[in-house]
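Spelled out, the chains give:
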Amino acid sequence: MTVSPLITFKDICKVYGRGEATIRALDRINLSISPGEFVSIMGPSGSGKSTAMNIIGGLDVPSSGEYLFQGIPTSGFSREQLTLLRRHMLGFVFQGFNLLARTSAVENVELPLVYRGMDHAERRRRAMAALEQVGLKGREGHTTQELSGGQQQRVAIARAIVTDPAVLLADEPTGNLDTKTSVEIMELITRLNRENGITVIMVTHEEDIAAYAKRLLRFVDGHLVTDEMRAEEASHAV
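Residues numbered from 1 in each chain as written. Predicted model: local features only at pLDDT ≥ 70, side-chain atom pairs only at ≥ 80, totals over all residues. Heavy atoms only, no water.

(A) Layout of the packing of aromatic side chains. According to the stated counting rule, one finds two aromatic pairs in the structure shown. Ring plane angle 75 degrees and centroid distance 5.5 Å describe the contact between Phe 9 and Tyr 67, whose orientation is recorded as edge-to-face. Within this pair, whereas Phe 9 is found in strand E1 (residues 7-16), its partner Tyr 67 is found in strand E4 (residues 64-69), the two being separated by 58 residues in sequence. Here Phe 9 matches Tyr 67 in class, with each residue buried. Plain terms: the ring middles of Phe 92 and Phe 94 are 6.1 Å apart, the flat faces sit at 5 degrees to each other, and that makes the pair stacked. (Phe/Tyr/Trp six-rings, centres within 6.5 Å; stacked < 30°, edge-to-face > 60°. Helix = DSSP H or I, 4+ residues; strand = E, 2+ residues; numbered from the N terminus. Buried < 20%, exposed > 50% of the residue type's maximum accessible area, 1.4 Å probe, protein only.)

What follows is the structure, encoded as structure tokens:
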């Protein structure tokens, strides 16, 4: 049985500037990502990896080519439609956590559900469940300032998954963490991928972090130069 791609790039180009100042951030990129995959994206600064992630996340649009989500072309999407795509289908995890200070963990996790207009009782129930899923049961009332860096990233992951997204987009999720905490966070993300079936797309510059993914995309100068599947034994055991 053939599985339809969740994400498809068809000859995607992204150009910034004009004339001599033109920068071709992406140059005719073709790729597809299936539901349930765990993909890492690597490349040096200016390689196009962040641009590709921004297009996947609906934060930017290609200059040419077509980006399809669940087989639907997004080129005609309005700004409001792209917002709805992010709100209902995508979860974001950032290097800097992006949590509200002096706000409790559970209130941070509830925020995407507030934007959906969900009533207080239901969003509190779902936020508490998400925090328990990431190992923070008992820390729901703690503010950001009362949590360690690893705990803050767990809150950020809970916030990303509370909406039951199809895709988790992680941009350098361990960039601000020490080695031990990085392993814990990557084991959590791997478990969410394996047990919950969430498609994970992760940008990282660290080879050991990229090794958690089963597929590696490597960008150089706006080109996709590597697209390889990793052997199961090469991935970290959880």
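(B) Layout of the sheet that holds E1. If you trace the four strands from one edge of the open sheet to the other, you get E2-E1-E4-E5, paired in antiparallel fashion. The strands lining the two open edges of the sheet, one partner per strand, are strand E2 (23-33) and strand E5 (72-73). Here E1 pairs with E4 via five bridges, running antiparallel. Directly across from Thr 8, in E4, lies its bridge partner Leu 68. (Pairing = 2+ DSSP bridges.)

(C) Quick look at the pattern of salt bridges. The tally for this structure, following the rule as stated, stands at 11 salt bridges. Arg 124 serves as the salt-bridge partner of Glu 110, at 2.6 Å between the closest nitrogen and oxygen. A residue pair is termed long-range when its members are at least 10 positions apart, and Glu 110 in helix H3 (residues 105-115) and Arg 124 in helix H4 (residues 120-133) qualify at 14 residues. Judged by relative accessible area, Glu 110 falls into the buried class, the value being 5%. Since its relative accessible area comes to 27%, Arg 124 is described here as partly exposed. Across the salt bridge formed by Glu 184 and Lys 180, the nearest N and O atoms sit 2.7 Å from each other. (Salt bridge = Lys/Arg side-chain N within 4 Å of Asp/Glu carboxyl O.)

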